[in-house]
Amino acid sequence: MNGVINFLELAIPGMVAFVLAAQGTMLGGRAGVFNVSQEGLMALGASVGFLVSYKLGGTFGTNMIGLAVAAAAAAAMGLILAYTTTILRLDQFVVGLALFFAGIGLASLLYRVVIGIVPQPPQIDTLDTIPIPLLSEIPLLGPTLFDQDIVVYFMFLLSGLLYWVLYRTNLGMKMRSVGENPRAADAAGISVTKVRFWATALGAALMGMGGAYLPMHFSGIYTDGIIAGRGWLAIALAFVGGWRPQYVLLGAAFFACMEITALELQSSTVIPVEFIETFPYVAALVVMAFIFRRTQVPAFLGRNYDRESRTAS
Amino acid sequence: MTTKTQAVGPSSDGPLLQMSNVVKRFGTVVALNGVDFSVDRGEVHGLLGGNGAGKTTLMNCLYGLYRPDSGSIVFEGKPLTIRAPRDAIRYGIGMVHQNFLQVDTYTVTENIVLGTQVSSFPRFDLRAARKKVMDLAERYGLNVDPDKRVADLPVGVRQRVEILKALYRDARLLILDEPTTNLTPQEVDALFDSLRAIVDAGTSIILITHKIRESMTVCDRLTVMRDGQRVETLVRRETTPRELANLMVGDQAVIERVAVAVGETEPESDTVEDKAPKEPSTTKSADAESASDDEASAATTDVEAAEEAGVEEKPADAEPASADETAADTDAEAQQDAPAGPIRLRVEGIDVPGDQGAVAVHGCDLTVVSGQVLGIAGVAGNGQVELAEALAGVRRPSAGRLSVNGVDLTGRPVRDWLAAGVTYVPEDRHRDGILTTATIADNLLLGSQRTSRFSRRGVVRWRAVRRTASELITRYSVRASGHSAVAGTLSGGNIQRVILARAFSREPDVLILHNPTRGLDIGSTQFVYDRIREVTASGAAVVLISEDLDELLYLADHIVVLYNGRVVGRVPRQQADRFQLGRLMAGAEAEGREDDRP
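Residues numbered from 1 in each chain as written. Chains lettered and ligands numbered in written order. Predicted model: local features only at pLDDT ≥ 70, side-chain atom pairs only at ≥ 80, totals over all residues. Heavy atoms only, no water.

## Some thoughts on the overall build of chain A
Here is step 1: Looking only at helices and strands, chain A features 13 helices and two strands.
Here is step 2: For 313 residues, the compact-globule formula gives about 20 Å, and the C-alpha radius of gyration of chain A, at 20 Å, lands near that figure.
Here is step 3: Judged by the C-alpha coordinates and their principal axes, chain A covers about 60 × 45 × 40 Å.
Here is step 4: Taking contacts inside chain A between residues at least 6 apart in sequence as the whole, the part at least 24 apart equals 79%.
Here is step 5: When the accessible surface of chain A is summed, it comes to about 13300 Å², and 70% of that surface belongs to carbon and sulfur atoms.
Here is step 6: Between the mean site of the 17 positive side-chain charges and the mean site of the 17 negative ones, chain A shows a separation of 18 Å. (Helix = DSSP H or I, 4+ residues; strand = E, 2+ residues; numbered from the N terminus. Rg over C-alpha atoms; globule rule 2.2 N^0.38 Å. Contact = heavy atoms within 4.5 Å. Areas by Shrake-Rupley, 256 points an atom, 1.4 Å probe, with all protein chains shown as cover. Lys, Arg positive; Asp, Glu negative; His and termini not counted. Charge placed at Lys NZ, Arg CZ, Asp CG, Glu CD.)

## Here we look at the pairing of strand S1 (residues 17–26) of chain B
Residues and elements named next belong to chain B.
Here is step 1: Alignment of S1 against strand S2 (residues 29–39), held across eight bridges, turns out to be antiparallel. Across the sheet, Gln18 pairs through a bridge with Ser38, a residue of S2.
Here is step 2: Once S1 ends, the chain turns through two residues before running back antiparallel as S2, passing Gly27 with a positive phi of about 60 degrees.
Here is step 3: Pairing analysis gives five bridges linking S1 to strand S4 (residues 70–75), with the strands arranged antiparallel. Each residue of the ladder has a partner; that of Leu17, found in S4, is Phe75. (Pairing = 2+ DSSP bridges.)

## Examining the sheet that holds strand S11 (residues 343–353) of chain B
Residues and elements named next belong to chain B.
Here is step 1: Sheet architecture is open: four strands sit in the order S12-S11-S14-S15, paired in antiparallel fashion. For this open sheet the edge positions go to strand S12 (359–369) and strand S15 (407–408), each flanked by a neighbour on one side alone.
Here is step 2: As paired elements, S11 and strand S14 (residues 399–404) share five bridges and run antiparallel to each other. Paired with Arg346 across the bridge in S14 is Ser403.

## Looking at the environment of Leu195 of chain B
Here is step 1: With respect to the element layout, Leu195 of chain B can be found in helix H6 (residues 185–200).
Here is step 2: Not counting the four nearest positions on each side in its chain, Leu195 of chain B is found in contact with Leu176, Ile205 and Leu207 of chain B.

## As for the interface of chain A and chain B
Here is step 1: On the chain B side, the residues contacting the 25 residues of chain A number 36 residues.
Here is step 2: With both sides pooled, the region where chain A packs onto chain B buries about 2600 Å², and carbon together with sulfur makes up 58% of that total.
Here is step 3: Linking chain A with chain B are one salt bridge.
Here is step 4: One can count nine residue pairs in polar contact (both at pLDDT 80 or more) joining chain A with chain B.
Here is step 5: Listed by contribution, the elements that provide at least two residues to the side of chain A that touches chain B are helix H6 (150–168), helix H7 (170–180) and helix H8 (182–187) of chain A.
Here is step 6: With seven residues, H7 of chain A is the single largest residue contributor to the side of chain A that touches chain B.
Here is step 7: Along the lines of polarity and charge, the residues of the side of chain A that touches chain B split into eight nonpolar, eight polar and nine charged. (Buried area = accessible area lost by both parts, 1.4 Å probe. Salt bridge = Lys/Arg side-chain N within 4 Å of Asp/Glu carboxyl O. Polar contact = N/O pair within 3.5 Å; in protein donor to acceptor, adjacent residues only side chain to side chain. Nonpolar A, V, L, I, M, F, W, Y, C, P; charged D, E, K, R; others polar.)

## With respect to the packing of helix H1 (residues 2–30) of chain A against helix H11 (residues 245–268) of chain A
Residue and element names in this part refer to chain A.
Here is step 1: As a packed pair, H1 and H11 sit with axes 7 Å apart at the nearest point and diverge in direction by 135 degrees. Judged on the interaxial angle alone, H11 and H1 are oblique. Here H1 runs over H11; the crossing is right-handed. Along its contact with H1, which presents Phe7, Leu10, Ala11, Gly14, Met15, Phe18, Val19, Ala22, Gln23 and Met26, the element H11 presents Pro245, Val248, Leu249, Ala252, Ala253, Phe255, Ala256, Cys257, Glu259, Ile260, Thr261 and Glu264.
Here is step 2: Of the residues in the contact of H1 with H11, the class split is 17 nonpolar, three polar and two charged. (Axes fitted to C-alpha atoms, helices over the stretch in contact; angles between N-to-C directions. Parallel < 35°, antiparallel > 145°, perpendicular 65-115°, else oblique. Left-handed = near helix turned anticlockwise from the far one by under 90°.)

## A look at the pattern of salt bridges
Residues and elements named next belong to chain B.
Here is step 1: All chains considered together, the criterion is met by 26 salt bridges over all chains.
Here is step 2: Of the charged contacts, one joins Asp125 and Arg127 as a salt bridge, the two residues approaching to 3.1 Å between their closest N and O atoms.
Here is step 3: For Asp125, a relative accessible area of 28% puts it in the partly exposed group.
Here is step 4: Ionic pairing is found between Arg130 and Asp147, a salt bridge with its closest N-O pair at 2.8 Å. (Buried < 20%, exposed > 50% of the residue type's maximum accessible area, 1.4 Å probe, protein only.)

## Some words on the sheet that holds strand S20 (residues 541–545) of chain B
Residue and element names in this part refer to chain B.
Here is step 1: As summarised here, the arrangement of the six strands in space is S16-S19-S20-S13-S21-S22, forming an open sheet in which the pairing is mixed. Either end of the sheet is taken by a strand with one partner, and the two such strands are strand S16 (422–425) and strand S22 (566–572). Strand-to-strand twist of the sheet, defined as the mean angle between neighbouring strand axes without regard to direction, takes the value 15 degrees.
Here is step 2: As paired elements, strand S21 (residues 558–563) and S22 share six bridges and run antiparallel to each other. Bridged to Val560 within S22 is Arg570.
Here is step 3: Each of strand S13 (373–377), strand S19 (510–514) and S20 touches helix H20 (residues 522–537); the most contacted strand, S20, lies at about 145 degrees to it.

Below is the structure:
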């Protein structure tokens, strides 16, 4: 019993980076913009979030500011993606890859410029858990779900909110139509460009936040490579979750469990660490192979819309 | 129903819409060359022209899908700048596109309200919208189930959804782009009734069409376009189909050919493709009691039109087979009397699965011999696509055997089918027929890339490809800047010409044609018919799958009727009776189809 609680206590915060990045991917994707720069935007978020928080004092409050600035920085990158793909109609994949490299490079560069090369890496406070009165007393659920830090709560609320917006509001109906058939949306009087701008920027902001969470949760220090492929897995997660917020959340739980399992195995077996570290990726591959056939992908995912193109949609 | 103006013809307030000197270029191609166009209040205005005449382009400019390079639009007395469909909708202009612009996964109601204001607080409530949709549907006779997913609906119903979408937004000008293309005769009839009701309620309608007879049935005035220019605007009562054909085609030689070939099957000098008024007029006589005044007047006009055309009058209840038999006397007779040639295509008891896995075609047996055209009739969605793909070797049947020239090809790769001389012209041009981002030359090469003519030791001989492509472009009158033009930039009719050029130039032994003339103008349609005659004369077997009975009666030696994936009737052409065929198509009289009007 205690083992399970311990495991889940670790696994649930482990979901955060996956969920935020994958929901961000989902958000842009539902409007038809396939962002592939997660890994880069998350690295940028991690670096910017850490640096802002560190320079302001490295406390809980500055961590919150750090998260917000990280989101803003990533959103700015998202706007570049939106502009280049909707207005200039460049290939989404190519721009996304460019942004990935830019994000990785900027993250590293900013850290060098602000901190420089130091013998002892600077540290910020990690986020404290905030037990929710009464609810945290419930056996099993209490310590695992209701005794977590603020971003974990945000992750759950966000997923619920996204579900509500997408499926229970007029805005969501419009947004989904842009990803399904932009020409139909356009002919119905919806601005495809505007929807894509918003969805891409907000999606990117979530990715930046997901990245910024990592140093604030795990060690309080930033290192290059801190994202460790979580961004790429977020793309897989969007597919595994069928581009639906509720299943993305479920899928993230699975990935987080794999990650924690891999971590625990590292200390207890003779299997090479490098091999164990491939676990989440192999799991993603296996899951994709079984689930992918049935997932519904937005029909216009990754395709730009040109109103005057005479090619049938 | 409303107190809006009901006048036909010029109203005292001036025209509802005035477009002046509209110019639109796509790259170097001038699609619209200074077009003036005006529509009055409360009229159905036909916009008539052949493929690539610029009808749709002009309307896309009005609806904000294209930005014209110059020109002005005055609507309801106010000059407008329309930058996007959003603007057009706000000003009261609605458009029903030929390829419906709907979100497949949404319900009817969701598609209709999409883009309008719906409150999401405290909860997202579509009930009021749904009620309004149902009211409109009832008022204009546009029956739909508001809760169905549009992907599950037949074409006729999806079209009603599009019309309701415009009406829901209170459109005062409704544009319909080739609305009858995919409809059964009964649906066309119902649609025209609905259009009348809409016009009577005060909305003006622009009907884009290339079918002369259809425009003579419903339109008050007609504007003819050709080569991106307005040729003439006429009042329907003062014109004749022949005059319209003249204006549309503008080439006397073509008109003569069309008249000679089609004139005998058709009382009007119109394309054989047009079946609309024939069937409708019979439906009218059937339920004459319930016929409204509108229907009666429409029927009268139909006869008037026929008289004006200077052809023999053909009452609604005339012996149907007679006209077709006279057609048989022409050039097809020789084929019928000729002894049956070698069997080209033999189909034995095939079951073909549909996309969802369920069996779409059950136990189908067919034989087509050299020099014959086998027609397959049926209402869309009764297994035609699956059967066509199975006959072309693209879709693997789950049971039964297929052989070409005596060689069993069941389950063999498409490459073997191509090598065996099978060629396929699919129904869905954009999806299955053409690479929209590739050049015309690439598209024409497709499927022949392994032949010695175009390849040497696995390397494509591009010079030969380009030379052949240029020849075919000329021969098949494809309107394009050259063989390097990107196929997706062509108009629908020209894309079909490329596909047909590819199919016929391969000199096939077996040719599978699925709705080959859909959406083509008179000249193009006749051109296709000529080619079909040519390949059968040289010994090919043709399977012609068509929803157009006139086309089948004109070309096919035998007609097979497909209903619910089963062959429900086989008739030699001489014994074919279009009413009997119609009953078979509708499921042997017993069960009515849900997309029929109640």
